[in-house]
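Chains, contacts and geometry: an overview
In case you want the letters, here they are:
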Amino acid sequence: MSRRTGWRILCVGILLIAAAIAGSAVANKGVGAGVVAESIPLVAASPDAVLRGNFGPFVRSLNDKPYGYQLVPDPVSSHKGRGADAMALVERFEVRPGDCGGDTAIDCGRDRERSELSERGDRNPQGSSYWYGWSLYIPDNFANVAPTKVALGQFHQEGSHPAWMFEIGASGYRIDNHVSDGKPNDHTLIDNAVLRGRWHDITVYAHWATSDDGVLQVWADNDLKFDYRGPTMTADKVYFKYGLYRSFVSRYQNANETDKVPAQTVYFTNVKRADSRADLSQ
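This write-up is about the structure you can find in this document.

**A closer look at the overall build of the chain**
When helices and strands are tallied, the chain shows four helices and 15 strands. Counting every position in the chain, which comprises 282 residues, the buried fraction comes to 54%. Within the chain, contacts between residues at least 6 apart in sequence are counted, and of these 67% link residues at least 24 apart. By element, 49% of the accessible surface of the chain is carried by carbon and sulfur atoms, the whole surface being about 11,900 Å².

**What about the side chain of Arg52?**
For Arg52, the location among the structural elements is in the loop between helix 2 (14-29) and strand 1 (58-61). In terms of polar contacts, Arg52 uses its side chain to reach the backbone carbonyl oxygen of Pro47, at 3.0 Å. At 2.9 Å, the side chain of Arg52 and the side chain of Tyr242 are in polar contact. Setting aside its immediate chain neighbours within four residues, Arg52 contacts Pro47, Phe58, Tyr69, Glu91, Leu117, Tyr242, Val271, Lys272 and Arg273.

**Comments concerning the sheet that holds strand 6 (residues 129-137)**
Within a sheet, each strand pairs with its neighbour through backbone hydrogen bonds, oriented either parallel or antiparallel. Reading across from one edge, 2-3-15-6-11-12-13 is the order of the seven strands in this open sheet, with antiparallel pairing throughout. The open sheet has two edge strands with one neighbour each: strand 2 (69-73) and strand 13 (223-229). Averaged over all neighbouring strand pairs, the angle between strand axes comes to 25°, with direction disregarded. Alignment of strand 3 (residues 89-95) against strand 15 (residues 264-274), held across five bridges, turns out to be antiparallel. Residue Glu94 lies in a different strand from strand 15, and its bridge partner there is Thr265.

**Looking at the environment of Asp279**
Take Asp279: it is sitting in helix 4 (residues 277-280). Sequence-distant contacts of Asp279, that is, excluding residues within four places in its chain, are made with Lys272 and Ala274. Reaching out from Asp279, the side chain makes a polar contact with the side chain of Ser276 at a distance of 3.1 Å.

So, how was this worked out
Residues numbered from 1 in each chain as written. Predicted model: local features only at pLDDT ≥ 70, side-chain atom pairs only at ≥ 80, totals over all residues. Heavy atoms only, no water. Helix = DSSP H or I, 4+ residues; strand = E, 2+ residues; numbered from the N terminus. Buried < 20%, exposed > 50% of the residue type's maximum accessible area, 1.4 Å probe, protein only. Contact = heavy atoms within 4.5 Å. Areas by Shrake-Rupley, 256 points an atom, 1.4 Å probe, with all protein chains shown as cover. Polar contact = N/O pair within 3.5 Å; in protein donor to acceptor, adjacent residues only side chain to side chain. Pairing = 2+ DSSP bridges. Axes fitted to C-alpha atoms, helices over the stretch in contact; angles between N-to-C directions.

The following block contains the structure:
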């Protein structure tokens, strides 16, 4: 089954109705950072409507806003011929000022805002090896909120801190090492000059280990950009999160003498875990 076929099978009914309403707004208005797009229908999507290989289920993390997670038409038509498929849907994440939690609002007291999905079910234990893949689209008008830290994905550890974070910064899209102090802290995967306004494909191979036989390799648009050998975790299990997560929001507020950080929007598709690289394309 192809990735696009999986989308067609699962994204039916109300999701297709929402897609039809949202299509022209996303494609023609360039929905993105700093602009609250009133034309986007406030229809929350279910994370269960997406096939993700052998990942377990995903749930929304600390954000219950209906605009925070949606399935919408692909905002561009140039990525791998996807424009020929008028009903292809992608995952849209949006964070607006003050999006610091749902019922518990736990992020509000911790200088954070987010809209993420978090992996549940059978997570990734020590000694396991998996391939991971996702495609990422950052709009041209994605706001620069430095010095606030913005993560667009992370391998988090159960009961502990993140192990690896995928962030957007001055250099572009990068991976940040939170495991080994003796290694470089971050490494650029996609240069800022070519990051926005197009789809990028990320492939990760990980052997999860607390010992030196761990491996983490990252390909960006089929080029090997990061090849790490050493501990890849410090806890018993890791789990994947993706979407938009920004921390130290007060840094932007203080630097710009404002009480709000601009809204941001990012898109994902083809998020998947598999036992082999070949299985990522199935």
